[in-house]
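# Topology and contacts: notes
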Amino acid sequence: QVQLVESGGGLVQPGGSLRLSCAASGSIFGTNAMGWYRQAPGKQRELVARITSGGRTNYADSVKGRFAISRDNARTTAYLQMNSLKPEDTAVYYCNADIFSQETRDYRPYWGQGTQVTVSS
(Lines give C-alpha, C1' and ligand atoms only; values in the text may rest on other atoms or scores of the structure.)
Protein backbone atom coordinates (compact mmCIF):
# COMPACT_ATOMS: atom_id res chain seq x y z
CA GLN A 1 0.00 0.00 0.00
CA VAL A 2 1.42 3.36 -1.05
CA GLN A 3 1.93 5.99 1.62
CA LEU A 4 3.29 9.52 1.63
CA VAL A 5 4.73 10.73 4.92
CA GLU A 6 5.62 14.36 5.48
CA SER A 7 7.98 15.71 8.11
CA GLY A 8 9.78 18.91 9.00
CA GLY A 9 6.96 21.24 9.94
CA GLY A 10 6.92 23.34 13.06
CA LEU A 11 6.97 26.82 14.54
CA VAL A 12 9.40 29.38 13.15
CA GLN A 13 9.85 33.12 13.47
CA PRO A 14 9.28 35.43 10.50
CA GLY A 15 12.35 35.43 8.28
CA GLY A 16 13.30 31.93 9.35
CA SER A 17 13.63 28.72 7.37
CA LEU A 18 12.19 25.22 7.39
CA ARG A 19 12.74 22.17 5.22
CA LEU A 20 9.87 19.80 4.59
CA SER A 21 10.35 16.22 3.45
CA CYS A 22 7.91 13.84 1.80
CA ALA A 23 8.80 10.16 1.57
CA ALA A 24 6.82 7.74 -0.58
CA SER A 25 6.78 4.08 0.40
CA GLY A 26 5.03 0.90 -0.62
CA SER A 27 4.88 -1.16 -3.77
CA ILE A 28 5.93 1.68 -6.07
CA PHE A 29 6.91 1.01 -9.65
CA GLY A 30 7.41 4.66 -10.58
CA THR A 31 6.61 8.26 -9.74
CA ASN A 32 5.78 11.19 -11.97
CA ALA A 33 5.27 14.69 -10.63
CA MET A 34 5.52 15.42 -6.92
CA GLY A 35 4.28 18.58 -5.31
CA TRP A 36 3.50 20.55 -2.20
CA TYR A 37 0.16 22.17 -1.47
CA ARG A 38 -0.99 24.15 1.53
CA GLN A 39 -4.25 25.02 3.20
CA ALA A 40 -4.69 27.84 5.65
CA PRO A 41 -7.72 28.06 7.95
CA GLY A 42 -10.79 29.17 6.04
CA LYS A 43 -9.03 28.99 2.68
CA GLN A 44 -8.90 26.52 -0.17
CA ARG A 45 -5.96 24.22 -0.68
CA GLU A 46 -3.48 25.79 -3.09
CA LEU A 47 -0.46 24.66 -5.04
CA VAL A 48 2.85 25.81 -3.57
CA ALA A 49 5.40 24.05 -5.77
CA ARG A 50 5.60 21.09 -8.13
CA ILE A 51 8.42 19.14 -9.75
CA THR A 52 8.13 16.78 -12.69
CA SER A 53 9.97 13.49 -13.10
CA GLY A 54 12.34 15.38 -15.40
CA GLY A 55 13.08 18.00 -12.81
CA ARG A 56 11.05 20.90 -14.16
CA THR A 57 9.58 23.05 -11.43
CA ASN A 58 6.80 25.56 -11.02
CA TYR A 59 5.89 27.72 -8.05
CA ALA A 60 3.05 29.83 -6.76
CA ASP A 61 3.82 33.51 -7.31
CA SER A 62 3.67 34.11 -3.56
CA VAL A 63 6.65 31.81 -2.88
CA LYS A 64 8.87 32.40 -5.91
CA GLY A 65 12.40 33.27 -4.87
CA ARG A 66 11.83 32.04 -1.32
CA PHE A 67 10.91 28.35 -1.66
CA ALA A 68 12.69 25.60 -3.57
CA ILE A 69 11.37 22.14 -4.39
CA SER A 70 13.66 19.20 -5.13
CA ARG A 71 13.58 15.41 -5.19
CA ASP A 72 16.09 12.61 -4.65
CA ASN A 73 17.59 10.49 -7.42
CA ALA A 74 15.26 7.60 -6.65
CA ARG A 75 12.40 10.07 -7.14
CA THR A 76 10.56 8.78 -4.10
CA THR A 77 11.33 11.68 -1.77
CA ALA A 78 10.52 15.33 -2.32
CA TYR A 79 11.77 18.30 -0.35
CA LEU A 80 10.57 21.85 0.11
CA GLN A 81 13.15 24.33 1.33
CA MET A 82 11.34 27.35 2.69
CA ASN A 83 13.31 30.53 3.36
CA SER A 84 12.33 34.05 4.39
CA LEU A 85 9.12 32.70 5.87
CA LYS A 86 6.23 35.07 6.43
CA PRO A 87 3.20 34.82 8.73
CA GLU A 88 1.03 34.36 5.63
CA ASP A 89 2.90 31.11 4.91
CA THR A 90 1.22 29.59 7.96
CA ALA A 91 -0.79 26.58 6.84
CA VAL A 92 -0.96 22.81 6.79
CA TYR A 93 1.37 21.64 4.03
CA TYR A 94 0.44 18.52 2.08
CA CYS A 95 2.59 16.40 -0.18
CA ASN A 96 1.12 15.06 -3.41
CA ALA A 97 2.59 12.55 -5.85
CA ASP A 98 1.51 10.71 -8.99
CA ILE A 99 2.53 7.12 -8.35
CA PHE A 100 2.38 3.92 -10.37
CA SER A 101 1.84 1.15 -7.87
CA GLN A 102 1.62 -2.61 -7.91
CA GLU A 103 -1.97 -2.42 -6.66
CA THR A 104 -3.42 -0.01 -9.21
CA ARG A 105 -1.16 -0.74 -12.21
CA ASP A 106 -1.54 2.87 -13.34
CA TYR A 107 -0.59 6.37 -12.19
CA ARG A 108 -2.81 7.79 -9.47
CA PRO A 109 -2.50 10.79 -7.16
CA TYR A 110 -1.67 10.20 -3.52
CA TRP A 111 -1.68 12.64 -0.60
CA GLY A 112 0.17 12.79 2.66
CA GLN A 113 -1.46 13.50 5.99
CA GLY A 114 -0.15 17.06 6.18
CA THR A 115 2.33 18.86 8.39
CA GLN A 116 1.69 22.14 10.20
CA VAL A 117 3.87 25.14 9.48
CA THR A 118 3.38 28.15 11.74
CA VAL A 119 5.25 31.39 11.19
CA SER A 120 4.91 33.67 14.20
CA SER A 121 6.96 35.78 16.54
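Residues numbered from 1 in each chain as written. Predicted model: local features only at pLDDT ≥ 70, side-chain atom pairs only at ≥ 80, totals over all residues. Heavy atoms only, no water.

## A short note on the pattern of salt bridges
Counting across every chain of the model gives six salt bridges. Ionic pairing is found between Arg66 and Asp89, a salt bridge with its closest N-O pair at 2.8 Å. Remark: Asp89 occurs in the loop between strand 8 (77–82) and strand 9 (91–101) and Arg66 occurs in the loop between strand 6 (57–59) and strand 7 (67–71); sequence separation between them is 23 residues. Comparing Arg66 with Asp89, the two get one shared label, buried. One network of salt bridges, in which partners are shared, links Arg38, Glu46, Arg66 and Asp89. (Salt bridge = Lys/Arg side-chain N within 4 Å of Asp/Glu carboxyl O. Helix = DSSP H or I, 4+ residues; strand = E, 2+ residues; numbered from the N terminus. Buried < 20%, exposed > 50% of the residue type's maximum accessible area, 1.4 Å probe, protein only.)

## So, the pairing of strand 9
With eight of 11 residues buried, strand 9 lies mostly within the body of the structure. When strand 4 (residues 28–39) meets strand 9, the two strands line up antiparallel, connected through nine bridges. Pairing of Thr31 across the sheet is with Ile99, part of strand 9. Sheet topology places strand 9 next to strand 11 (residues 115–119); three bridges connect them, and they run antiparallel. (Pairing = 2+ DSSP bridges.)

## Let's talk about the packing of aromatic side chains
Summed over the entire model, instances satisfying the criterion amount to three aromatic pairs. Considering the side-chain rings of Phe29 and Phe100, the 6.2 Å spacing of their centres and the 25 degrees angle between planes classify their relative orientation as stacked. A residue pair is termed long-range when its members are at least 10 positions apart, and Phe29 in strand 4 and Phe100 in strand 9 qualify at 71 residues. When its relative accessible area of 23% is taken as the criterion, Phe100 is described as partly exposed. By the ring-pair criterion, three or more aromatic residues cluster together here, those being Phe29, Phe100 and Tyr107. Of note, Arg19 hangs over the ring of Tyr79, and the distance from its end group to the ring centre comes to 4.1 Å. In this arrangement the basic side chain of Arg45 is found over the ring face of Trp111, its NZ or CZ atom lying 4.7 Å from the centre. (Phe/Tyr/Trp six-rings, centres within 6.5 Å; stacked < 30°, edge-to-face > 60°. Lys NZ or Arg CZ within 6 Å of the ring centre and 35° of its normal.)

## Some details on the pairing of strand 1 (residues 3–7)
Residues Leu4 and Glu6 point to one face of strand 1 and are all buried, whereas Gln3, Val5 and Ser7, pointing to the other face, are not buried. With five bridges connecting them, strand 1 and strand 3 (residues 18–25) associate as antiparallel partners. When the sheet's bridge partners are listed, Val5 is paired in strand 3 with Ala23.

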